[in-house]
Amino acid sequence: MINCADFVAELDNYLDGDVAAAVRVQLEHHIAHCKTCTVLVDSTRKTLKILTENGLFDLPREAFEPIAEEIMARVRTKEK
Amino acid sequence: MGLPLDSVRGYSPNRDGGQMSYFREIDVGSTFRPFTAFCEQFGFVPSLFRAQTLLSRVIEAEAALISPILFTDQALSRPQKECILLVLAAANDNAYCLNLHYQTLKLLGATEQRLDRIVVDYQRANLAPTTTAVLKLTLKLGTSQHSFSRQDLLEASSQGLADECILEAVLTAALSRLLCVLSTGVGAVSDFVPRGVPPPVHTLSLCSYFFPAAGENLGLYLHAPELNPDNFAPFAFLRDQFGSVPNVFRAQTLRPIFLEAEAFAIRSVLVPEDGLTRAQKERILLGGSHGKLAESDRALLGVAEKLATDAAEFSGSDIQALRQNGFNEEQILETVATTSLACFFNLLQVGLGAEPEFPAPWTGEQRTSAKKAHLSSSGQRLTFVAQAVDPDAECVARVLAGDLESFEELMNRHSQRVYRTLVGILGNPDEARDAMQDTFLKAFQHLAGFEGRARFSTWLVSITTNTAIQRLRERRQMESLDETFDEQFRPREVQAWTDDPERLYSRAEMRSLIENGVMRLPAKYRVVLILLDLEQLPLEEAAAALGLGIPAIKARRLRGRLMLREALAPHFIQPERKGTKGVTI
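Residues numbered from 1 in each chain as written. Chains lettered and ligands numbered in written order. Predicted model: local features only at pLDDT ≥ 70, side-chain atom pairs only at ≥ 80, totals over all residues.

Peer 1: Break down the overall build of chain B for me, citing the residues and quoting the values.
Peer 2: Summing up its helical and strand segments, chain B has 25 helices and zero strands in all. With 585 residues in all, chain B has 48% of them scored as buried. (Helix = DSSP H or I, 4+ residues; strand = E, 2+ residues; numbered from the N terminus. Buried ≥ 20, exposed ≤ 12 C-beta atoms within 10 Å, placed from the backbone.)

Below you can see the structure in the form of structure tokens.
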């Protein structure tokens with residue numbers, strides 16, 4: 001039997017599908033009986049979804065172009 | 001443990017038999033430290049080393065490795081390690097090493113009858129259970145590395161072998177590989193009158209070994225505490241040489257003494273250019289394309305490959321072929337020494353479960369038909385067999401050939417990743433933009449040193465990380481990326497979230513909300529989240545770029561995700577539950 005702390009320790013691996021079948025059975029058995037960990041799994045999964053699907057920290061093309069031009073100018077100078 | 005010199009007197013090392021190795025010996029003086037150490041430990045200087053006196057620095061490199069691995073009693077005793085070397089020499093049909101270790105064990109007190117039983121079938125030699133377990137592990141690693149897996153180490157652990165013990169066993173197996181390759185490559189003449197030993201029977205069962213399933217071997221096998229290159233000189237040296245500390249070294253941090261020896265060996269063999277060039281040695285040590293090489297360099301690699309894979313067929317004519325290709329004696333000797341070092345690190349990688357960064361080209365296939373017969377196409381080890389194609393390789397090659405505009409293409413491909421990594425560490429978008437210039441200019445300056453050992457993208461992230469850390473240091477606002485995992489983080493806001501959080505806010509609001517949440521994370525968690533979850537870098541690549549072990553980066557990812565979840569929770573919990581007290585677990 002695993003407890004909530006054990007479950008949290010494996011949460012990442014569980015979300016990433018990186019647990020052995022036998023461990024997965026134990027984890028799923030735990031969340032079937034633990035509302036808190038069920039919420040934890042659901043909310044962490046949603047956190048990852050919104051983290052990855054909202055184009056965070058995008059550097060707009062127009063912001064990068066002058067940086068790239070400056071770098072290339074220095075690169076060409078170095079090569080001469 | 002040294003051998004009692006008196007016990008050696010009855011032996012007549014076979015020095016006057018008229019046979020010569022492939023290389024002439026020169027006098028290195030009576031105070032040459034490696035030779036005095038060999039005299040103390042073996043009772044004489046084995047011909048294997050006397051054959052390398054033309055290039056004394058490679059002997060120093062080998063002695064530096066041998067001393068802590070073999071001569072020092074640690075988790076395993078000297079006789080146990082000599083037993084590993086004996087059994088592996090027999091299994092690999094290396095008569096020179098078999099004789100050397102057989103006679104050494106005799107001098108250590110073992111009887112011929114007992115040694116014969118160990119060579120023929122160690123499992124019936126009535127050895128201590130620990131020694132039997134160590135021999136089983138190393139025999140599998142040393143003769144069937146394609147099928148070696150985490151399972152073999154788990155089995156060894158279950159038989160009572162501690163991690164320190166396993167690490168030493170794997171190192172000894174790697175040392176056996178080094179000695180066998182060296183003795184073949186220099187044509188070492190037996191130090192004793194060769195003694196017939198019955199053939200081993202335990203190798204016959206190798207064909208029944210299974211290959212590990214894909215993914216089974218990802219990650220380091222043994223506990224490996226983190227060592228910071230800034231505080232540990234061997235790692236600083238390795239980082240300077242390879243761009244980051246290769247995984248095979250980070251897998252051995254349990255015993256820093258070995259890392260010091262390995263860094264010394266690499267320094268002695270790889271750095272000087274009085275024999276082969278650095279590029280020639282790196283091709284042997286690290287692999288890489290043979291496509292555009294000069295004919296002589298292809299011949300050099302061909303001999304190195306044959307030496308590593310086909311010892312039975314290797315002969316003086318291979319050495320002669322290199323002479324005919326214009327290589328001098330020192331260069332040919334250095335080819336042999338570098339090949340043996342490559343084989344050493346290669347076997348270590350397999351034994352420790354390190355991601356392959358020493359993928360010498362021969363290691364994917366064994367030439368002998370008996371072994372090839374059971375190489376299933378679907379079951380080959382992930383390591384060494386097939387290197388992933390780097391999508392940037394062609395572009396990098398164009399830049400190196402002088403096409404500067406291709407560098408702009410590389411920048412365009414990676415600008416977002418570089419920017420996000422910088423934001424992740426610096427925590428400031430404006431400064432991140434500023435640091436992009438430093439990063440790409442450094443990448444351009446060092447591109448000639450990029451040999452394709454890792455993907456270009458991984459290499460670039462390493463440069464980005466170092467640039468950002470340097471900036472943090474300069475502004476003396478160091479938010480450490482190296483702190484160890486501190487107190488246990490416990491989620492507190494554990495209330496159900498609304499079904500579709502993204503419907504609560506506009507995309508711009510949502511982005512701002514999450515970016516603020518990410519920026520408020522401590523840098524060590526923020527950068528891991530950005531590399532792994534935003535940039536989707538493979539775990540091993542991100543860990544390498546940050547100089548972390550796999551367990552450490554996974555711990556930080558978990559904590560970062562939980563902290564971000566906690567920070568966002570007030571915005572997304574179901575409306576009817578807002579204001580109610582959260583549950584603590």
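Peer 1: Please give an account of the nonpolar core that cites residues and values.
Peer 2: Residues and elements named next belong to chain B. In this structure, Leu86, Val87, Val170 and Leu175 are the most contacted members of the largest nonpolar core, which totals 107 residues. Residue contributions to this core peak at 15 residues, all from helix H9 (residues 163–186). Each residue touching leucine 175, except ones within four places of it in the same chain, is listed here: Leu65, Ile66, Ile69, Leu70 and Phe344. (Core = buried A, V, L, I, M, F, W, Y, C linked by C-beta atoms within 7 Å. Contact = placed C-beta atoms within 7 Å.)

Peer 1: Give a detailed account of the interface of chain A and chain B, specifying residues and quantitative values.
Peer 2: Each side of the interface is counted separately: chain A has 33 residues, and chain B has 42 residues. Listing elements by their share of the side of chain A that touches chain B, those giving two or more residues are helix H1 (4–15), helix H3 (35–52) and helix H4 (61–79) of chain A. Considering each element in turn, the side of chain A that touches chain B owes the most residues, 12 residues, to H3(A).

Peer 1: Go over the packing of helix H23 (residues 523–534) of chain B against helix H24 (residues 539–546) of chain B with me, naming the residues and quoting the values.
Peer 2: All names here are of chain B. At a minimum axis distance of 10 Å, the contact between H23 and H24 shows a crossing angle of 145 degrees. When you trace H23 past H24, the crossing you get is right-handed. Contacts from Val527, Val528, Leu531 and Leu532 of H23 reach H24 at Leu539, Ala542 and Leu546. Broken down by class, the residue content of the contact of H23 with H24 amounts to seven nonpolar, no polar and no charged. (Axes fitted to C-alpha atoms, helices over the stretch in contact; angles between N-to-C directions. Left-handed = near helix turned anticlockwise from the far one by under 90°. Nonpolar A, V, L, I, M, F, W, Y, C, P; charged D, E, K, R; others polar.)

Peer 1: Would you mind going over the environment of B:Asn247 in detail, with residue names and values included?
Peer 2: Note on placement: B:Asn247 falls in helix H11 (residues 247–250). Placed 297 residues apart in sequence, B:Asn247 and B:Ala544 show a C-alpha to C-alpha distance of 7.1 Å.

Peer 1: Summarise H23(B); cite the residues concerned and give the values.
Peer 2: Of all 12 residues in H23(B), 11 are buried; the element is thus mostly enclosed. Tucked into the core, H23(B) has its buried residues touching H3 of chain A together with helix H19 (405–426), helix H21 (456–474), helix H22 (507–519), H24 and helix H25 (550–572) of chain B. B:Gln536 occupies a position one or two residues after H23(B) and carries a positive phi of about 55 degrees.

Peer 1: Quick rundown of H25(B)? Include the residues and the values.
Peer 2: All names here are of chain B. In a regular helix each residue adds 1.5 Å, so 23 residues correspond to 33 Å; H25 covers 32 Å between its end C-alpha atoms and thus fits that length. Where H25 bends most, at glutamate 566, the angle is about 30 degrees, and the proline proline 570 comes one to four residues later. When you tally the buried positions in H25, you get 18 out of 23 residues, the bulk of the element. (Expected span 1.5 Å × (residues − 1). Bend = angle between axes of the 7 residues up to and from the residue.)

Peer 1: Describe the packing of helix H14 (residues 295–309) of chain B against helix H15 (residues 316–324) of chain B, naming the residues involved and giving the relevant values.
Peer 2: In a pair of packed helices, the angle between the axes and the distance between the axes together describe the arrangement. All names here are of chain B. For the pair H14 and H15, the least separation of the axes is 10 Å and the interaxial angle reads 165 degrees. By the criterion of interaxial angle, the relationship of H14 to H15 is roughly antiparallel. The interaxial crossing formed by H14 with H15 has left-handed handedness. Where H14 approaches H15, its residues Ala299, Leu300, Val303 and Lys306 are matched on the opposing element by Asp318, Ala321 and Leu322. By residue class, the composition of the contact of H14 with H15 is five nonpolar, no polar and two charged. (Parallel < 35°, antiparallel > 145°, perpendicular 65-115°, else oblique.)

Peer 1: Please provide a residue-by-residue account of unusual backbone geometry, values included.
Peer 2: Residues and elements named next belong to chain B. In the Ramachandran plot, aspartate 93 falls in the positive-phi region, its phi being about 60 degrees despite a non-glycine side chain. Relative to the elements of secondary structure, aspartate 93 occurs in the loop between helix H4 (78–91) and helix H5 (95–107). Classification of aspartate 93 as partly exposed rests on a count of 14 C-beta atoms within 10 Å. Positive phi outside glycine occurs at glutamine 536, with the angle close to 55 degrees. As for its position among the elements, glutamine 536 is in the loop between H23 and H24.

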